[in-house]
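Examining the three-dimensional arrangement
Below are the chains, spelled out letter by letter.
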Amino acid sequence: MIRVEKKILRSSLPDVTNDLSDQLHPVLRRIYALRGLTSSKELDMGLEQMLTPDNLGGTKEAAILLFSAIKEGKKIIIVADFDADGATSCALAIKALRAMGAQQVDYLVPNRFEYGYGLTPEIVEEALKRKPDLLVTVDNGISSIQGVKRAKAAGMQVLITDHHLPGRTLPDADVIVNPNNPGESFSSKNLAGVGVIFYLMVALRKLLRSEAWFKQKGIQEPNLAALLDLVALGTVADVVPLDHNNRILVYQGLQRIRSGHCCEGIKALFERSGRNLQRVVASDLGFAIGPRLNAAGRLDDMSIGIECLLTEDATVAFELARSLDELNRERRQIENEMRQQAVGDIETLIPDGDLPFGLAIFREDWHQGVIGILAARIRERFHRPVIAFAPAEEGMIKGSARSIPGLHIRDALDAIATRYPELLEKFGGHAMAAGLSLRRTDFDAFKDQFDAQVRESIDAEGLNGVILSDGALDCRDLSFQLAELLRSSGPWGQGFPEPLFDGVFRIVSLRVVGERHLKMVLEPEDGGQRVDAIAFNQVENQSGNGNEKLHIAYRLDINEFRGTRKLQLIVEHFEKVLE
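Below is a short write-up of the structure. (Residues numbered from 1 in each chain as written. Predicted model: local features only at pLDDT ≥ 70, side-chain atom pairs only at ≥ 80, totals over all residues. Heavy atoms only, no water.)

1. Some thoughts on the pairing of strand 8 (residues 386–391)
Of all six residues in strand 8, five are buried, a share of seventy percent or more. Pairing analysis gives four bridges linking strand 7 (residues 359–362) to strand 8, with the strands arranged parallel. Paired with Ala360 across the bridge in strand 8 is Ile387. Between the parallel elements strand 7 and strand 8, the chain passes through helix 14 (residues 371–382) in a crossover that is right-handed. When strand 8 meets strand 9 (residues 396–402), the two strands line up antiparallel, connected through six bridges. Counterpart to Val386 in the pairing with strand 9 is Arg402. Here strand 8 hands over to strand 9 after four residues, with Gly395 in that stretch at a positive phi of 80°. (Buried < 20%, exposed > 50% of the residue type's maximum accessible area, 1.4 Å probe, protein only. Helix = DSSP H or I, 4+ residues; strand = E, 2+ residues; numbered from the N terminus. Pairing = 2+ DSSP bridges. Right-handed = clockwise from strand over helix to strand, strands pointing away.)

2. Examining the pairing of strand 12 (residues 465–469)
Only one face of strand 12 is covered, namely the face carrying Gly465, Ile467 and Ser469; the face carrying Val466 and Leu468 is uncovered. Pairing of strand 1 (residues 6–10) with strand 12 involves five bridges; the strand directions are parallel. Its bridge partner lying in strand 12, Lys7 is registered against Val466.

3. Remarks on the packing of aromatic side chains
For any two aromatic rings, the description comes down to two numbers: the centre-to-centre distance and the angle of the planes. Using the criterion set out here, one finds 11 aromatic pairs in the structure. Judged by centre distance (5.7 Å) and plane angle (80°), the ring pair of Phe389 and Phe446 falls under edge-to-face. Note that Phe389 is positioned in strand 8 and Phe446 in helix 16 (residues 443–457), a separation of 57 residues in sequence. A ring pair is formed by Trp492 and Phe496, whose centres lie 5.3 Å apart and whose planes are at 10°; its orientation type is stacked. Put simply, the rings of Phe362, Phe389, Phe443, Phe446 and Phe450 touch in pairs and so form one group of aromatic residues. Lying across the ring of Phe67, Lys71 places its NZ or CZ 4.6 Å from the centre. (Phe/Tyr/Trp six-rings, centres within 6.5 Å; stacked < 30°, edge-to-face > 60°. Lys NZ or Arg CZ within 6 Å of the ring centre and 35° of its normal.)

4. As for the side chain of Gln252
One can find Gln252 in helix 9 (residues 244–258). Here Gln252 falls in the buried class, since its relative accessible area comes to 11%. There is a polar contact of 2.8 Å between the side chain of Gln252 and the backbone oxygen of Met45. Setting aside residues up to four positions removed in sequence, Gln252 forms contacts with Met45, Gly46, Leu47 and Leu228. (Polar contact = N/O pair within 3.5 Å; in protein donor to acceptor, adjacent residues only side chain to side chain. Contact = heavy atoms within 4.5 Å.)

5. Quick word on the sheet that holds strand 8
Backbone hydrogen bonds are what pair the strands of a sheet, in a parallel or an antiparallel way. Across the sheet, which stays open at both edges, the five strands sit in the order 7-8-9-11-10 with mixed pairing between neighbours. Both edges of this open sheet fall to strand 7 and strand 10 (426–429), since each of them pairs with a single strand only. Here the strands of the sheet are splayed against their neighbours by 20° on average, with no regard to which way each runs. Seen against the sheet, helix 14 touches strand 7, strand 8 and strand 9 and runs at an angle of roughly 45° to strand 9. Against the sheet, helix 16 engages strand 7, strand 8, strand 9 and strand 11 (433–439), with an angle of about 160° to strand 7. (Axes fitted to C-alpha atoms, helices over the stretch in contact; angles between N-to-C directions.)

6. Some points on the packing of helix 15 (residues 409–419) against helix 16
Following both chains from N to C, one finds helix 15 and helix 16 inclined at 120°, their axes separated by 10 Å at the closest point. Classified by the angle their axes make, helix 15 and helix 16 are oblique. For the pair helix 15 and helix 16, the sense of crossing is right-handed. When helix 15 is examined against helix 16, the residues Ile409, Ala412, Leu413, Ala415, Ile416 and Arg419 are found in contact with a partner set consisting of Phe446, Gln449, Phe450, Gln453 and Glu456. Of the residues assigned to the contact of helix 15 with helix 16, the class counts are seven nonpolar, two polar and two charged. (Parallel < 35°, antiparallel > 145°, perpendicular 65-115°, else oblique. Left-handed = near helix turned anticlockwise from the far one by under 90°. Nonpolar A, V, L, I, M, F, W, Y, C, P; charged D, E, K, R; others polar.)

7. Focus: the sheet that holds strand 17 (residues 564–576)
Strand order around the closed barrel formed by five strands is 13-14-15-17-16, with mixed pairing between neighbours. Between one strand axis and the next, the sheet turns by 45° as a mean value, whatever way the strands run. Strand direction decides the pairing type here: strand 16 (residues 549–561) and strand 17, joined by 12 bridges, are antiparallel. Along strand 17, the bridge assignment pairs Leu550 with Lys576. Sheet strands touched by helix 17 (residues 480–487): strand 13 (501–513), strand 16 and strand 17. Its angle to strand 16, the strand with the most contacts, is close to 75°.

8. Concerning the state of the cysteines
Summed over all chains, the structure comprises zero disulfides. There is no disulfide at Cys308, and the cysteine sulfur nearest it, in Cys263, is 7.1 Å away. Here Cys308 falls in the buried class, since its relative accessible area comes to 0%. (Disulfide = S-S within 2.5 Å.)

9. A look at the environment of Leu310
Within the secondary structure, Leu310 sits in helix 12 (residues 303–310). For Leu310, a relative accessible area of 14% puts it in the buried group. Between the alpha carbons of Leu310 and Gln146 there is a distance of 30 Å; along the sequence they are 164 residues apart. Look past the residues within four positions of Leu310 in its chain and what remains in contact with it is Ala91, Ile94, Lys95 and Tyr107.

10. A few points about the packing of helix 11 (residues 282–299) against helix 13 (residues 314–349)
Here helix 11 crosses helix 13 at 75°, and the two axes come no closer than 8 Å. Between helix 11 and helix 13, the angle is such that the two are roughly perpendicular. Residue-level inspection shows Pro291, Arg292, Leu293, Ala295, Ala296, Arg298 and Leu299 of helix 11 in contact with helix 13, the latter providing Leu324, Asp325, Leu327, Asn328, Glu330, Arg331 and Ile334. Grouping the amino acids of the contact of helix 11 with helix 13 by side-chain chemistry returns eight nonpolar, one polar and five charged.

11. Describing the environment of Pro166
Checked against the element boundaries, Pro166 lands in the loop between strand 5 (157–161) and strand 6 (175–177). Residue class for Pro166 comes out buried when judged on its relative accessible area of 14%. The spatial distance from the C-alpha of Pro166 to the C-alpha of Arg150 is 19 Å, given a sequence separation of 16 residues. Excluding residues that lie within four positions of it along the chain, Pro166 makes contacts with Ile142, Asn180, Asn181, Pro182 and Arg410.

12. A few points about the nonpolar core
Residues Ile78, Met201 and Leu556 are the most contacted members of the largest nonpolar core, which totals 146 residues. The leading source of residues in this core is helix 6 (residues 193–210), at 11 residues. Excluding its chain neighbours within four sequence positions, the residues that come into contact with Leu556 are Leu473, Asp477, Leu478, Ser479, Leu482, Ala483, Leu486, Phe501, Leu567, Gln568 and Leu569. The next biggest cluster of nonpolar side chains, apart from the first, holds 25 residues, and it includes Ala360, Phe389, Ile397 and Ile416. (Core = buried A, V, L, I, M, F, W, Y, C linked by side-chain atoms within 4.5 Å.)

13. Overview of a nonpolar patch on the surface
Taken together, Leu9, Val466 and Leu468 make up a surface patch of nonpolar side chains, about 260 Å² in accessible area. Secondary-structure assignment places Leu9 in strand 1. With relative accessibility at 39%, the residue Leu9 sits in the partly exposed group. (Patch = residues over 30% accessible without salt bridge, like charges linked within 9 Å, V, L, I, M, F, W, Y side chains within 5 Å. Areas by Shrake-Rupley, 256 points an atom, 1.4 Å probe, with all protein chains shown as cover. Salt bridge = Lys/Arg side-chain N within 4 Å of Asp/Glu carboxyl O.)

Printed below as a string of structure tokens:
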């Protein structure tokens, strides 16, 4: 079995002064400092601390365009992406526009298996059947040069809202709103697609207010903060970095969800996932709700997910959430089969463990909707950039890429496309994730070039997994109280990781649960109370179960089971201590 070296390292406090309150718990103060916080102001999650829409380029022009469409009764079609960010973006746009007086608002979400990603010419042809006056993209469009060209030729106006990195040429849309546009001065480049459309809706409301629109039409001015549940879900599910601005958006959305002031669809999805609505945290959005919503776009039609978020009928929401849950179960089964096949292929083809620096993998029977998750799982297993491919339209394959720190995956694809212009048909994405397509006959050539490009960017040491710890905890801090404090001190997520600690423990007992998980009782080396622990999906790392000492990296957690709440360590990694 091929194993990738992993090391637990303790993070060093930055050599900068800060004014974080001395009243903070010492452990929490250290955690914040390790995440680069230098001021207590960065802990203020009030909406008044949010960056203003005036600073995001294109929002004023886009608001004018939308106001004109609303005022003139034009038909607006939202073209959404088929993931959780796209679904939440679409639902938010429709709810906000209708609340501001738009009479004709509809949406269209491409089926990934028929039309592919974004505003393609083919999806424009579908939109034309509904005779729209204005096309608005959410969470896509920045690379849709041909789609915008077709829409404009058909006489439509086009407004693009996106957050993906643009290519060398921008589409010829009427207005583009994207924090990552060239020359854009907006200080948070990390907005998800749902964050971008939220900002635009705030700008539109400001314009309508200045025009006395609500008063003239007898419309109650909408409280757009009521839509922050959708912003929180899309932001966390899209795994964008949680800078201060995004943490505010997620925090405010979570507050509304916990108080029950969220859409019926989110309530139903939490009920299906068995989560306590009053105690949800950001990770619940990412690991419980996001996958259920994404399952629709991966296996079927994201319209199911969008309708779940749009409906105000609790019964309808529950039925749609049930369908999403069933799709997610099917997705997990497909994913497990594909993961086993991929790991088997890698270990069979490369028995000596000399893996490529960049892994490109492909099978003719893989499911196109699940390759993104597969790439993420293989990246976690072998700690290197991975692109998983599946068959697409005749003669083509589509790939989904996931990267590791140190390699900007979209830039790597751009470098390959520059060097070999005929190799890639199209690509786009972020630093850590991207999508691409190429001819089936070019897979072997691409596989070699991808590996070569990664080797130019990362040395062998960069492929060794490094687990950064926030340090050790005194046995007295292995407590229910600290676990509760950390749970409420986020939101934690990408770029602002949940606290992770390390220490040496002795195994008191160990057993396998759920076929792939290790359930343990551990005793701290320096004494203290025994504590329950679980290591998910790590059964292959089991080396013994009798009185061994382990160096573990873990998170403090509270396990709720049948009304009982107990402290539990979530073990991210462990290694045997040699004595």
